[in-house]
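Single-letter residue listing:
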Amino acid sequence: MICRRFFLSLAASLLALSPLPALAADIKHELGTTKVPDAPQRVVVLEFSFVDALAALAVVPVGIADDNKRENIIPEYAAVFGESWQSVGTRKTPSLEVIASLQPDLIIADKTRHEAAYDTLSQIAPTIVLDSLGGDYHDAVDQMSVIGAALGQPAKAAQRVAEHKEKMAGYDREINKASKGVSAQFGVANAKGLWLHSPVSYNGSLLKMFGFSSNMTPSEGEVYETTYVPTTLEQLSVVNPDILILGKYVDPAFTDGWAGETLYEGLTAVKNNNVFYVTAHNWSRLRGLLAAELTAQDLLEIISETSAKK
């Protein structure tokens, strides 16, 4: 009897030490439900907001769609990831060959950019699709729970979201002291034009959350008609915000050519010296918890400066 108990105990100990087969979780996303292995180890992300989410959870991806520029992975992300990841090309058209060569066990893709490639991506590895490009700030926060579940870290994701909300509430208390009744508008400019981020965009919803109003008229259509709106000087003069926040991808940018023009000089933000320049990449391309916290820091500095002029 003692011998039998000994062997049963030994068998139980060995079973506890042996690796268990990976369990699978059904993850609901924009294009359906995908069975994802438990705690995937080789993750490829195809949008910067998903990079943000993995950095928040200290999960190092094997592949990132970095638009072929490793410097697009800002220091706050690089501090978590190091240099062990590989570029898979642009967010718009990532290299399927490179993605396949990385042998991922999870791919996180964007609805607007990658819906057409979903079936092909799913043949490479389990793929979940979220609405990053067309989503707002609140969508990005909600997506953390989906990504956390897909990574097998739901509790850690919930904790990070709670910490984020507490931090943002602190910024909100400070910014809202001076944002009431103030209209603010963010846009990005390159060499060819200006695109305003509408109230339904990621940054537009952040500005609204912090108490700023918007003078943009809502429109219907695709993402680049409703969310990131190409805008002329005449159209900007109609929006006419109290605070104009610009990110320039090139210097000089298209908007620099407006200096001296009557319509531009007549803008309320220009007349009151309330045109502020921010890092275009951080504000326009990045979305997620850390990105929002960095944006909040910038907004606090901006509203503090405008308040000091009154």
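In this report, we go over the structure that sits alongside the text. From a predicted model like this one, the values you see are computed outputs, not experimental measurements.

### What to know about the overall build of the chain
Moving on, step 1. Looking only at helices and strands, one finds 15 helices and twelve strands in the chain.
Moving on, step 2. The principal-axis extents of the C-alpha atoms in the chain amount to approximately 95 × 40 × 35 Å.
Moving on, step 3. Classification of the 310 residues of the chain by burial places 47% in the buried group.
Moving on, step 4. In the chain, once contacts between residues fewer than 6 apart in sequence are set aside, the share between residues at least 24 apart is 67%.

### What about the sheet that holds strand 7 (residues 127–130)?
Moving on, step 1. One open sheet holds the five strands; their spatial order is 5-4-3-6-7, and the pairing between them is parallel. Two strands bound the open sheet, and with one partner strand each, they are strand 5 (86–87) and strand 7.
Moving on, step 2. Note: strand 6 (residues 106–110) against strand 7, four bridges, orientation parallel. When the sheet's bridge partners are listed, Ile108 is paired in strand 7 with Ile128.
Moving on, step 3. Lying on the sheet, helix 7 (residues 137–150) is in contact with strand 6 and strand 7; it crosses strand 7 at an angle near 175°.

### A look at the pairing of strand 8 (residues 184–189)
Moving on, step 1. Within strand 8, six of the six residues are buried, which leaves it mostly tucked inside the rest of the structure.
Moving on, step 2. Going residue by residue along strand 8, you find Ala184, Phe186 and Val188 tucked away on one face and Gln185, Gly187 and Ala189 tucked away on the opposite face as well.
Moving on, step 3. Of the strand pairs in this sheet, strand 8 and strand 11 (residues 243–248) are connected by six bridges, and their pairing is parallel. Looking at strand 11, one finds that Gly187 is bridged to Leu246.
Moving on, step 4. With three bridges connecting them, strand 8 and strand 9 (residues 194–197) associate as antiparallel partners. By the bridge assignment, Ala189 is partnered in strand 9 with Leu194.
Moving on, step 5. Here strand 8 folds back onto strand 9 in antiparallel fashion, the turn holding four residues.

The rules behind each value
Residues numbered from 1 in each chain as written. Predicted model: local features only at pLDDT ≥ 70, side-chain atom pairs only at ≥ 80, totals over all residues. Heavy atoms only, no water. Helix = DSSP H or I, 4+ residues; strand = E, 2+ residues; numbered from the N terminus. Buried < 20%, exposed > 50% of the residue type's maximum accessible area, 1.4 Å probe, protein only. Contact = heavy atoms within 4.5 Å. Pairing = 2+ DSSP bridges. Axes fitted to C-alpha atoms, helices over the stretch in contact; angles between N-to-C directions.

The analysis is restricted to geometry; functional conclusions fall outside its scope.
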